[in-house]
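Close look at the chain arrangement
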Amino acid sequence: MQEKKTSKTTKNPEVMQEKKISTATKSPAATEDKVAAVNPAKTESKLSELQNNLERKTIIMQGNEAVAYGALDAGVNFFAGYPITPSTEVAEILAAELPKRGGTFIQMEDEIASICAITGASLAGAKALTATSGPGFSLMQEGIGFAKITETPCVVVNVQRMGPSTGMPTSPAQGDIMQSRWGSHGDSPAIVLYPESVKESYELTIRAVNLSEKYRTCVVLLLDEVIGHMRESVRLPDMANVRVINRIKPTVPPHWYKHYDENQKYLSPLASYGDGYHFHVTGLTHDSQGFPTNKAVEAGDMMDRLRKKITYNIRDLVQIESHEMDDANIAIFAAGITARAAKAAISMAREEGFKVGLLRPLTIWPFPDDAVRKMLRNVETVIVPELNQGQLIREIRRLTKDKNDSNIVSIQRVNGQLITPNDILRKIKEVI
Amino acid sequence: MANIPQKVVHQYLRHDKKFPHVWCAGCSNGIILGAIIRAIASMNLDRDNIVMVSGIGCSSRMPVYIDLDTLHTLHGRSIAYATGIKMHKPNTKVIVVTGDGDCTAIGGNHLIHAARRNIDLSVILINNNIYGMTGGQCSPTTPHDAIATTAPYGNIEPNFNVCDLAMGAGASFVARTTAFHVTEMQNYIQASLEHPGFSLIEVIAACPVIYGRLNKKGGAPQMMKEFRDNSVPLAAVDKLPKEKVEGKIIRGILRKEIRQEYTAAYADLVRRVSDNNGGEKC
Amino acid sequence: MLKPYEIRLSGSGGQGLILAGIILARAAVLDKHKVTQTQSYGPESRGGYSRADVIISDSEIYFPEATNFNCLLALTQEACDKYLYDLRDNGILIIDTTFVKNLALAADNTYDLPFTEIAQEQLGGTISTNVLSLAFLSKVTGIVSDKSLETSIVESVRPAFKDLNIKAMKLGFKLAEEYDSNRS
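Given the structure is predicted, the values throughout are model-derived calculations rather than measurements.

Turning next to the overall build of chain C. Along its length, chain C carries 6 helices and 6 strands. Walking chain C from its N terminus toward its C terminus, one meets helices and strands in the order β-α-β-β-β-α-β-β-α-α-α-α. The C-alpha radius of gyration computed for chain C amounts to 15 Å, which stays within 12% of the reference 16 Å derived for 184 residues, consistent with globular compactness. For the C-alpha atoms alone, the extent of chain C along its principal axes is close to 45 × 40 × 40 Å. Counting all 184 residues of chain C, 57% fall into the buried class. Sequence separation of at least 24 residues holds for 58% of the intrachain contacts in chain C that already meet a minimum separation of 6. Total accessible area computed for chain C in this model is approximately 7,900 Å², and 49% of it derives from carbon and sulfur atoms. Within chain C, the 23 negative side-chain charges are centred at a point lying 6 Å from the centre of the 18 positive side-chain charges.

On to the nonpolar core, then. Of all hydrophobic cores here, the largest spans 163 residues; its most connected members are Phe78(A), Ile332(A), Phe333(A), Met375(A) and Phe198(B). In terms of domain composition, this core takes at least three residues from each of domain 1 (2–241) and domain 2 (320–431) of chain A. Once residues lying within four places of it in the same chain are set aside, the contact partners of Phe333(A) are Leu359(A), Pro361(A), Phe367(A), Pro368(A), Val372(A), Met375(A), Val382(A), Ile383(A), Val384(A), Pro385(A), Leu392(A) and Ile396(A). In this structure, Val29(C), Phe115(C), Leu175(C) and Tyr179(C) belong to the second largest nonpolar core, which totals 46 residues.

Our focus in this paragraph is the interface of chain A and chain B. With 49 residues of chain A in contact, the opposing surface of chain B contributes 41 residues. Joining chain A to chain B, the criterion identifies 1 salt bridge. A salt bridge links Glu109(A) to Arg117(B); its shortest N-O distance comes to 2.7 Å. Applying the counting rule to chain A against chain B returns 23 residue pairs in polar contact (both at pLDDT 80 or more). Top contributing element to the side of chain A that touches chain B by residue count: helix α5 (residues 111–123) of chain A, with 8 residues. Pairing analysis gives 3 bridges linking strand β10 (residues 280–282) of chain A to strand β2 (residues 69–72) of chain B, with the strands arranged parallel. Across the sheet, Val281(A) pairs through a bridge with Leu71(B), a residue of β2(B).

Turning to the side chain of Glu225(A), a few remarks are in order. Along the chain, Glu225(A) turns up in helix α9 (residues 225–229). Buried and unpaired, Glu225(A) has Arg51(C) as its nearest opposite-charge partner, separated by 8.5 Å. What Glu225(A) contacts, discounting residues up to four positions off in sequence, is Pro86(A), Val159(A), Gln160(A), Thr170(A), Ser171(A) and Pro172(A).

Our focus in this paragraph is the sheet that holds strand β5 (residues 128–132) of chain A. Residue and element names in this part refer to chain A. Taken in spatial order, the 7 strands of this open sheet run β4-β3-β5-β6-β8-β7-β14, and their pairing is mixed. The two strands at the open ends of the sheet, each matched to only one other strand, are β4 (104–107) and β14 (363–365). Neighbour-to-neighbour, the strand axes of this sheet turn through a mean angle of 20°, independent of strand direction. Of the strand pairs in this sheet, strand β7 (residues 191–193) and strand β8 (residues 218–224) are connected by 3 bridges, and their pairing is parallel. Counterpart to Leu193 in the pairing with β8 is Leu221. Contacts from helix α8 (residues 198–215) reach β5, β6 (154–160), β7, β8 and β14, with the element oriented near 165° to β8.

With that out of the way, let us pick up the sheet that holds strand β5 (residues 173–178) of chain B. With mixed pairing, the 9 strands of this open sheet are ordered in space as β10(A)-β2(B)-β1(B)-β3(B)-β4(B)-β6(B)-β5(B)-β8(B)-β7(B). Bordering the open sheet on either side are β10 of chain A together with β7 (231–233) of chain B, each of which pairs with just one other strand. For this sheet, the mean inter-axis angle between neighbouring strands, taken without regard to orientation, is 20°. Relative to strand β6 (residues 199–204) of chain B, β5(B) runs parallel, the two sharing 6 bridges. The residue of β6(B) that forms the bridge with Thr178(B) is Ile204(B). In this fold helix α7 (residues 182–194) of chain B packs onto β3 (93–99), β4 (122–127), β5, β6 and β8 (249–256) of chain B, with an angle of close to 165° to the strand it touches most, β5(B).

This paragraph deals with helix α10 (residues 296–311) of chain A. All names here are of chain A. End to end, α10 covers 22 Å across 16 residues, agreeing with the expected 22 Å (1.5 Å per residue, within 8%). By the burial criterion, the buried members of α10 are Met302, Arg305, Leu306, Lys308, Lys309 and Ile310. Tucked inside the fold, the buried residues of α10 contact α6 (134–149), β7, α8 and α11 (314–317).

Turning our eyes to something else, we now look at the interface of chain C and chain A. Taken together, the 26 residues of chain C in the interface contact 26 residues of chain A. Carbon and sulfur atoms supply 57% of the area that chain C and chain A bury against each other, a total of about 2,200 Å² over both sides. In terms of surface lost to chain A, no three residues of chain C exceed Arg26(C), Tyr62(C) and Phe63(C), which account for 31% of the buried area on that side. For the pair chain C and chain A, the number of links is 0 salt bridges. Across the side of chain C that touches chain A, the residue classes break down as 12 nonpolar, 8 polar and 6 charged. Judged from the 2 bridges that link them, strand β9 (residues 231–235) of chain A and strand β2 (residues 34–41) of chain C form a sheet pairing that is antiparallel. Looking across to β2(C), one finds that Glu232(A) is bridged to Thr36(C).

Take the pattern of salt bridges next. Pairs can form between side chains of opposite charge once their charged atoms are near each other. Residue and element names in this part refer to chain A. All chains considered together, the criterion is met by 41 salt bridges over all chains. Linking Glu203 and Lys199 is a salt bridge whose minimum nitrogen-to-oxygen distance equals 3.2 Å. Residue Glu203 and its partner Lys199 are both found in helix α8; the two are separated by 4 residues, about one turn of the helix. Just as Glu203 is buried, Lys199 falls in that class too. We note a salt bridge from Arg350 to Glu324, for which the minimum N-O separation is 3.5 Å. Here Arg350 is found in helix α12 (residues 336–351), whereas its partner Glu324 is found in the loop between β11 (319–323) and β12 (330–333), with 26 residues between them in sequence.

The rules behind these values
Within each chain, residue numbers correspond to sequence positions counted from 1 in written order. Following the order in which they are written, the chains are lettered starting with A and the ligands numbered starting with 1. Only residues with pLDDT of at least 70 get local features here, since the model is predicted, and only at 80 or more are side-chain atom pairs given and counted; chain-wide, interface and lining totals rely on the full set of residues. Hydrogens and waters are ignored; side-chain quantities use all the structure's heavy atoms. Only DSSP runs of H or I covering at least 4 residues are called helices, and only runs of E covering at least 2 are called strands; the numbering of each starts at the N terminus. When we talk radius of gyration, it's over C-alpha atoms, and the globule rule is simply 2.2 Å times the number of residues to the 0.38. Only protein chains enter the calculation, and the probe is 1.4 Å; a residue is then buried if its accessible area is under 20% of its type maximum, exposed if over 50%, and partly exposed in between. It only takes one pair of heavy atoms within 4.5 Å for two residues to be counted as in contact. Exposure was quantified through the Shrake-Rupley algorithm and a 1.4 Å probe, taking into account, for residues, occlusion by the shown protein chains and nothing else. The positive count covers Lys and Arg only, the negative count covers Asp and Glu only, and His and the chain ends enter neither. Every charge is mapped onto a representative atom, which is NZ of Lys, CZ of Arg, CG of Asp or CD of Glu. For this analysis, a nonpolar core means a set of buried residues of the types Ala, Val, Leu, Ile, Met, Phe, Trp, Tyr and Cys, connected via side-chain atoms within 4.5 Å. The domain limits used here are those given by an automatic or database domain assignment. We define a salt bridge as a side-chain nitrogen of Lys or Arg found within 4 Å of a carboxyl oxygen belonging to Asp or Glu. Distance and chemistry together define a polar contact, namely a pair of N or O atoms within 3.5 Å, with one atom able to donate a hydrogen and the other to accept it when in protein, and with adjacent residues in sequence counting only for side-chain atoms on both sides. Strand pairing requires that DSSP identify at least two bridges connecting the strands. Between N-to-C directions, angles cover 0 to 180 degrees, with each direction set by a line fitted to C-alpha atoms, over the stretch in contact for helices. A helix is expected to span 1.5 Å multiplied by its residue count minus one. Buried area counts how much accessible surface, traced with a 1.4 Å probe, disappears from two parts once they are put together, with both parts' losses summed. As a working rule, the residues Ala, Val, Leu, Ile, Met, Phe, Trp, Tyr, Cys and Pro are called nonpolar, Asp, Glu, Lys and Arg charged, and the rest polar, with Gly in that last group.

Below, the structure written as structure tokens:
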């Protein structure tokens, strides 16, 4: 597990563990001027400014823009999607940028087709991503399950809006936390990342793409509507500092190739269509060659493999931020925009002498069980603010064995409004 | 071409895997698989450069048996997956094998939009008028008044004319044949693989065990005879009196036209907007 | 060292407030400040409510939504009624008297001008009311430099509207300077 500690004085803005190893595959010096004439210029888009400079400047950027640029910097060369508020900017930017780099953008007929198209493209060797919001995410669930059982790398960005159903398209909610874990039928692995800022949206998009390639699965990036639409001053890391992970290709001859070969970490090479491997991919329960099976041993092996690639790699997957926790006797557990409110509340509370800290998951699935257990041991009270009717708090309660339930305090709001720093400060004063 | 020895088929099967197949005795799917293989073999296509994609259903089990890159996807979604593959690797021949329920019910949306885009996929729609794998439920091509387990008193719905549907949506190559007309089928498959654009071949197929029994069609031989006797080549339609054509299966290439293919249009776009790589993939 | 300075620009959809927020945020970046800009609006692109928040600071900005404004710009009566209570005690209130006719409570530092009418008369249309009132706000609060605001406007608006918006900005600066001299 990677843990970063922040306090008011020592803030380490670099969240990713992937640092300064390799450069991206494309030239950052692409000239943008020529295409500006045919490109319906989006006045906010500062990509030219970004890409033209090896040294990147501080600019103002939207969360959804950061996702799109993160995808490009991670080497994503295939996007299929369907317009939906509040994620549409991701598609719009990639519609303008991908063709310029020879990548593929296609607007599909619906979200079901979108997840299917990126999965197909990934099997043909592409780095593929789609972006959507609640209603589209619901439609994609069957396809997400297919990507997981077939162990095909892809990334789904879900900019959460208020639900259920059409809900409030331009209002924030954190209601898809459980759906991102359990949305598809059957047991399946889940890697879900959750940024709190524009910069982190960029970083975690790259990380999502990297993890999808490394673990051969569908990785979900959950954004809050507010973060998707928020603009912040950011200085993105220079391209030389961006680490890109690519899938491992098989080196064996075709007749030795197993599409689901096991090694000790449950990560295995992945051939692409067209490489000459003539492999079969199916959503049916399959053996290690990829062919359908009804044998209990092979079915069990497949399910174990899907589970173990998460459980054996928890330390690589889980990222948390521990903020002002060293001396805290009250902890707040929150993700995304709600964690930002918590940080503001903590700063106000500490001015009044209350020892409050924050534990924030950057990886929300797999859940940071160990860090939460440690938090539960060290503090008297945990406050769990969230923009839903109690999804994170269920996980905290699951890990509460020796704690009285009354020490786990909720703040829940689903009305299109954010939980504010004052809401949290009030609760801190209540529980003291 | 029909007298190519059986050995050719064996060269393309995954002989060490997964036989016997799942299809019932008398099913047309094996005949169609044979025709696809003979088309590929006689065109001498690069086997590393063909992907066969299918959805869910009896026909969609076909990719398991053929030694190519194969993808067995979700119910109805084969064309969407195929679109992703084709867009990323435009030089790949992508064959979609699908059934009437898979392609025109749950997957109807993907069919019409792929046809509209005119993306170069060869869709082989095996129409047996029923959901066979789940035991005989009514599909969008089940004829009016026919019996299905979910239409036990006769189907009250009108059925799709699949070729008309594809043409209406913009498919640039559309053909219809039956499982009886094996050589014709092979020729159409070859033509569709050569055609630059979205192509759909409707193969009227026999499901003697389920559809045949429910509708008292006799066995597989009777159903094949019906295909022979009850179908008319497109070229003969104008020459025959109206009563000899009515209610018959019209076989032939119903449309073949050249209009801009989608991956080519996209490549043009890439050339237009990219400055240095001339459309090369990133 | 600038402490977090919270500005809310409020009105109805179509008044260009989100663009005004972006312009202000970009100007703050040019002035080397940290900045967040958020917005809230209905699903429609015209009508309904609309607001843009900009927080400018030299320290880290935790919560990006303005909750206790240093400055509130209200271009409609509804917006003014809704948000006035969250203005700080000595906060600055700027209202467009074209639409805001009643003040529920008197703020200490209230600036009232008929921005929409002025834009109609002097700029040939209401489309640049957003930049006009933003320039006024910028001058009155001194939160960003004139030069950065100008650069930001040039970077943020479509080229065809550059001249109009620069004209609106200059008029906004002038109104603010004259307003000060009038009242002192």
